[in-house]
Amino acid sequence: MKLKKGFFLMLGCVLMFAKMQSQEYQPTKKILYKVVNNDSLYLHVFESKITKTPTAAIVFFFGGGWAGGNPKQFYQQSDYLASRGMLAISAEYRVKNVHGTTPFDAVEDAKSAIRKVREFAPILEIDPNKVVAAGGSAGGHLAICTALIEGLDNPDENLNISSIPNAVIGYNPVFDTTENGYGAKKVAGRETEISPCHQVKKNAPPMLLFHGKEDKTVPFENAKRFNKLMKKAKNDSKLLAYKNQGHGFFNGSFFRKNSNDTFFNETMYQTDLFLIRLGYISGQPLLNK
């Protein structure tokens, strides 16, 4: 009897902790930005915690190989940047396991999200000329694609509104969708169409890129090659590399349990400095390196 009582007490504590964790970071609201094939997609909005408008905005796209994933991946980052005066968004987009879609559909949704954020600028009280696209892994790929890929636009949207962000931040993003990178089988027959390494062009938005040198999912070589191509095209691109770190090293403890937030703090500190340099936020970072 005592054993059962102890077990249920422990289980109750675990469930309470899980509930507290799930409530630690919550969006201010969710805004419908797209309905396609009866699927509704929402922006998970973290409003600025500093009363100052219009503010800059950042749109995060979660990772998951274009097959799965959850906007909660970037709740912790969104909450931090909201505390720094930005409007932060973690966006939904279609994925294979839920919607039966392809990476090309995901790129369309990412472009839709950036376009809609600009369209909603008066409502969101943001500066439409200070919109950042960001994301991790496949989501980082989508962020880069909004800056580089032409076409794949939803024809039902106002295409006079640009879907190109003013800046991009990628956390171990997919850079090459051929056999030399990640995802070739998922884009078979169209391997270079949405491959950032194969779509670099002049006048791209400034980019900040993070990558672990021991990444076994997206080879570090891809990151170095993309950054080199960006610089060759005379674009503003900075790659920060981390020794002994693999894929997803940047995730915080809210998303990745047993993390001590060391690399979350480091990457967000550098993110903060990048945004300060662009004039999107001001003051000093609230995090230490």
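For the structure, see preceding data.
Positions within a chain are numbered from 1, following the residues in the order the chain's sequence is written. This being a predicted model, a pLDDT of at least 70 is required before a residue's local features are given, and a value of 80 or more before pairs of side-chain atoms are given or counted; all residues contribute to the totals for chains, interfaces and linings. Side-chain measures were taken over the full set of non-hydrogen atoms in the model, leaving aside hydrogen atoms and water.

A. Looking closely at the nonpolar core. To qualify as a nonpolar core, a set must consist of buried Ala, Val, Leu, Ile, Met, Phe, Trp, Tyr and Cys residues joined through side-chain atoms within 4.5 Å. Only protein chains enter the accessibility calculation, which uses a 1.4 Å probe; a residue is then buried when its area is under 20% of its type maximum, exposed when over 50%, and partly exposed in between. In terms of nonpolar packing, the biggest core is built from 51 residues, with L43, F61, V117, M207 and F226 touching the most fellow members. Within the second largest apolar cluster, 31 residues are counted, among which are I58, V132, A134 and L208.

B. Just helix α4 (residues 103–119), in detail. In this model α4 runs 24 Å from its N-terminal to its C-terminal C-alpha over 17 residues, within 8% of the 24 Å that 1.5 Å per residue would give. By the criteria applied, helices consist of DSSP H or I runs no shorter than four residues and strands consist of E runs no shorter than two, each listed in order from the N terminus. Summarising burial for α4: 15 of the 17 residues are buried, a large majority. A helix is expected to span 1.5 Å multiplied by its residue count minus one.

C. Highlighting the side chain of S137. With respect to the helices and strands, the residue S137 is situated in the loop between β5 (126–136) and α6 (138–148). In this description, contact between two residues means that some pair of their heavy atoms is separated by no more than 4.5 Å. The contact partners of S137, leaving out residues within four places of it in the chain, are G63, Y171, N172, P173, V174 and H247.

D. Structural context of the packing of helix α2 (residues 75–83) against helix α8 (residues 262–278). Here an angle of 0 to 180 degrees is reported between the N-to-C directions of two axes, which are lines fitted to C-alpha atoms, with helices fitted over the stretch in contact. Between α2 and α8, the least distance of the axes is 11 Å, while the angle of their chain directions is 45 degrees. When the axes of α2 and α8 are compared, the pair comes out oblique. Considering how the two elements wind past one another, α2 and α8 form a crossing that is right-handed. Only F264, M268, D272 and L275 of α8 make contact with α2, whose side of the interface consists of Q76, Q77, Y80 and L81. Classifying every residue of the contact of α2 with α8 gives five nonpolar, two polar and one charged. Should an angle fall under 35 degrees it is called roughly parallel, over 145 degrees roughly antiparallel, and 65 to 115 degrees roughly perpendicular, with every other angle called oblique. When the near helix sits turned anticlockwise from the far one by under a right angle, the crossing is termed left-handed; a clockwise turn instead gives a right-handed crossing. Note on residue categories: nonpolar means Ala, Val, Leu, Ile, Met, Phe, Trp, Tyr, Cys or Pro, charged means Asp, Glu, Lys or Arg, and polar means any other residue, Gly included.

E. Layout of the packing of aromatic side chains. For Phe, Tyr and Trp, rings pair up if their centres lie within 6.5 Å, where Trp contributes its six-membered ring, and each pair is then called stacked (planes under 30 degrees apart), edge-to-face (over 60) or tilted (otherwise). Within the structure shown, the criterion is met by 17 aromatic pairs. On the basis of an interplanar angle of 45 degrees and a centroid distance of 6.0 Å, the ring pair of F74 and Y171 is categorised as tilted. Of the two residues, F74 is situated in the loop between β3 (55–61) and α2 and Y171 in strand β6 (residues 167–171); the sequence distance between them amounts to 97 residues. Per residue, the accessibility class of F74 equals that of Y171, and both read buried. Taking the centre distance of 5.2 Å and the plane angle of 45 degrees together, the rings of Y242 and F249 count as tilted. On the basis of relative accessibility, which here comes to 2%, the residue F249 falls in the buried class. Following the ring pairs from residue to residue traces out a cluster consisting of F60, F74, Y171, F210, Y242, F249, F250 and F263.

F. Expanded view of the state of the cysteines. Two cysteine sulfurs form a disulfide in these notes if their separation is within 2.5 Å. Using the criterion set out here, one finds zero disulfides in the structure. C197 forms no disulfide, and the closest cysteine sulfur to it belongs to C145, at a distance of 11 Å.

G. Inspection of the packing of α4 against α6 at higher detail. Where α4 meets α6, the closest approach of the two axes is 9 Å, and the angle between their N-to-C directions is 65 degrees. The angle between α4 and α6 places the two elements in the roughly perpendicular class. Where α4 crosses over α6, the two elements pack in a sense that is right-handed. The segment α4 lies against α6, with A106, V107, A110, K111 and I114 engaging H141, L142, C145 and T146. A per-class count over the contact of α4 with α6 returns six nonpolar, two polar and one charged.

H. Local environment of the pattern of salt bridges. Salt bridge, as applied in this entry: a Lys or Arg side-chain nitrogen positioned within 4 Å of an Asp or Glu carboxyl oxygen. Throughout the structure, instances matching the rule amount to 17 salt bridges. E108 is paired through a salt bridge with R94; the nearest N and O atoms lie 3.5 Å apart. One end of the pair, E108, is in helix α4; the other, R94, is in the loop between β4 (87–91) and α3 (96–99), with 14 residues separating them in the sequence. The same class applies to E108 as to R94, namely buried. Among the ionic contacts, a cluster of salt bridges with common partners joins K34, R94, E108 and D109.

I. Representation of the sheet that holds strand β1 (residues 29–36) within the structure. With mixed pairing, the eight strands of this open sheet are ordered in space as β1-β2-β4-β3-β5-β6-β7-β8. In the strand order of this sheet, the two ends are held by β1 and β8 (237–242), each with one partner. Strand after strand, the sheet turns through a mean of 20 degrees between neighbouring axes, direction not considered. Looking at chain direction, β3 and β5 are connected through six bridges and run parallel. One requirement defines pairing of two strands: DSSP has to find at least two bridges between them.

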